[in-house]
Amino acid sequence: MNVHEVTSIRIGARGSNLSLRQVGEVVAAIMQRADGVTCEVVPISTLGDRNLDSPLPELGGKGAFTDEISRALLDGQIDLAVHSLKDLPVQQPDGIVIGAVLPRAMYADVMTSRDGVRLSELKQRAVVGTSSLRRAAQIKRVRPDLVTQSIRGNVETRLRKLDEPDGPFDAVVLAAAGLLRLDLGGRITEVLRDEVMLPAPGQGAIAVQCREAMADSDVLHAIDHRATNLAVTAERAFLHGLGGGCSAPVAALGSVEGDLLHLHGRVLSLDGVDVVDIEVMGRCQDLAAAIDLGSGLAEQALANGADRILQAVAG
């Protein structure tokens, strides 16, 4: 898949508005850096999109949004696949790798409330919609009086459920990046600080998957944002080192400055009472070093009590 030889690239992704906006960013990046290359977008329906009534763990976790796309990639129906990186399982299917990561958008979680109030101002026993154990645990950590309730569907669907006059939700927590990519930034009531809500590993970043044979292509090298890739690789290595996924409230945030990478990890009990908050900084010039940094932080977290928290979560 050399940039001078490729004339057409088929890009697969979920068919939601947000997914297609993300594909648009990838297409724009390719078109800017690869003269003469055309892109065809192939929307793919996933189990997670078709089944909005079941909790994600019952559908197989994050794979509910990625398995069909991975099969299309392995079968050669598409050349690249585009995902929100936070939705990708840390273990990639055999034969598939992350070939590029685009510059990260705003990584934070945000709250949108029906009455325009902030998290600290929500009434006692207010209902906050989120299907993320990570978000629910961190909400309970600072506001144990609040009730968190599962809410499924795309961004627009969740906002519609919030807006229902007789609906159950007083607020919902969403990723800032998704709202901003959909031009819905005006719905943000509050940007949640890292101290309150550390993001999911990879949140805000767009990942481009490819078959292993395509990993060294000029196109992918051209659109990869190195600093973002290093940061999110460390975050995902932290998650992988904990053995975590959808079943555990795990958060992580990496940032790169020069050749230094700062990584902040957090592991919580489901009720937010038990917390292991841990940070590290180290030199990081390649992906292998980022993996080592994230894995090392996971080992420290486990030694500091995260093992006990994760065992309790697993039940």
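Further up the page is the structure itself.
Residues numbered from 1 in each chain as written. Predicted model: local features only at pLDDT ≥ 70, side-chain atom pairs only at ≥ 80, totals over all residues. Heavy atoms only, no water.

> Help me understand the overall build of the chain, please; the structure alone is not making it clear to me.
For the chain, the count of helices and strands is nine helices and 13 strands. A compact globule built from 315 residues would reach a C-alpha radius of gyration of about 20 Å, and the chain, at 19 Å, matches this within 12%. Each of the three principal axes of the chain carries a C-alpha extent, and together these read 60 × 45 × 35 Å. Within the chain, the fraction of its 315 residues that count as buried is 53%. For the chain, the proportion of contacts with a sequence separation of at least 24, taken over those separated by at least 6, is 70%. Here the chain holds 31 positive side-chain charges and 41 negative ones, and the gap between their average locations is 5 Å. (Helix = DSSP H or I, 4+ residues; strand = E, 2+ residues; numbered from the N terminus. Rg over C-alpha atoms; globule rule 2.2 N^0.38 Å. Buried < 20%, exposed > 50% of the residue type's maximum accessible area, 1.4 Å probe, protein only. Contact = heavy atoms within 4.5 Å. Lys, Arg positive; Asp, Glu negative; His and termini not counted. Charge placed at Lys NZ, Arg CZ, Asp CG, Glu CD.)

> Sorry if this is basic, but what is going on with the sheet that holds strand β4 (residues 96–101) here?
Strand pairs in the sheet, formed through backbone hydrogen bonds, run parallel or antiparallel to each other. Read across the sheet, five strands follow the order β2-β1-β3-β10-β4 without closing on themselves; strand pairing throughout is mixed. The sheet is open, and its two edges are formed by β2 (38–43) and β4, each paired on a single side. Sheet twist, expressed as the average angle between the axes of neighbouring strands with direction ignored, equals 35°. Across the sheet, helix α1 (residues 17–33) is in contact with β1 (8–13), β2, β3 (80–84) and β10 (206–211); its angle to β1 comes to roughly 160°. The strands touched by helix α3 (residues 67–74) are β1, β3, β4 and β10; relative to β10, the strand with the most contacts, the crossing angle is about 40°. (Pairing = 2+ DSSP bridges. Axes fitted to C-alpha atoms, helices over the stretch in contact; angles between N-to-C directions.)

> How do you make sense of the pattern of salt bridges when you look at a structure like this?
When the charged atoms of two side chains with opposite charge come close together, those side chains can pair. Applying the stated rule across the entire model yields 17 salt bridges. Its salt-bridge partner being D87, residue R14 comes within 3.8 Å of it at the nearest N-O pair. You can see R14 sitting in the loop between β1 and α1 and its partner D87 sitting in the loop between β3 and β4, a full 73 residues away along the chain. A single burial state applies to R14 and to D87, both of which are buried. Here D170 ties to K123 by a salt bridge, and the two come within 3.7 Å at their closest N and O atoms. Here D170 is found in the loop between α5 (155–163) and β8 (171–175), whereas its partner K123 is found in the loop between β5 (109–113) and β6 (127–129), with 47 residues between them in sequence. Overall, the relative accessible area of 54% leaves K123 in the exposed class. Each member of the salt-bridge network shares a partner with another, and the members are R10, D79 and R211. (Salt bridge = Lys/Arg side-chain N within 4 Å of Asp/Glu carboxyl O.)

> Help me understand the sheet that holds strand β11 (residues 250–257) in this model?
Strands sit in the order β11-β12-β13 across an open sheet of three strands; the sheet is antiparallel. In this open sheet, the two edge strands, each paired with only one partner strand, are β11 and β13 (275–283). Strand-to-strand, the axes of this sheet are offset by a mean angle of 10°, without reference to chain direction. Looking at chain direction, strand β12 (residues 260–268) and β13 are connected through nine bridges and run antiparallel. Counterpart to L268 in the pairing with β13 is V275. With respect to the sheet, helix α8 (residues 226–242) is in contact with β11, β12 and β13, its orientation differing from that of β11 by roughly 150°. Seen against the sheet, helix α9 (residues 287–314) touches β11, β12 and β13 and runs at an angle of roughly 170° to β13.

> I tried to follow the environment of A231 on my own but got confused; where do I start?
Among the structural elements, A231 can be located in helix α8. With relative accessibility at 4%, the residue A231 sits in the buried group. Along the primary structure A231 and G294 are separated by 63 residues, whereas in three dimensions their C-alpha atoms are 9.4 Å apart. Non-local contacts of A231, meaning those with residues more than four positions away in its chain, are made with R104, G254, S255, V256 and L261.

> Sorry if this is basic, but what is going on with the environment of V208 here?
Along the polypeptide, V208 turns up in strand β10. The spatial distance from the C-alpha of V208 to the C-alpha of A100 is 5.2 Å, given a sequence separation of 108 residues. Those residues in contact with V208 that lie beyond four places of it in its chain are V26, L80, A81, V97, I98, G99, A100, L102, L220 and I223.

> Explain unusual backbone geometry here, please?
With the exception of glycine, the majority of residues adopt a negative phi angle, and the majority of peptide bonds are in the trans configuration. In this structure, R125 takes a positive phi of about 65° despite not being glycine. Along the polypeptide, R125 turns up in the loop between β5 and β6. The phi angle at D183 is positive, at roughly 60°, despite the residue not being glycine. Within the element layout of this structure, D183 appears in the loop between α6 (176–181) and β9 (190–191). The class of D183 is exposed, set by a relative accessible area of 62%.

> Explanation requested: the pairing of β1 in the structure shown.
Every other side chain in a regular strand lies on the same face of the sheet, so the side chains alternate between the two faces. With six bridges connecting them, β1 and β2 associate as parallel partners. Residue pairing across strands places S8 opposite T38, the latter belonging to β2. As defined by bridge partners, β1 adjoins β3 across two bridges and the pair is classed as parallel. Its bridge partner lying in β3, I11 is registered against L80.

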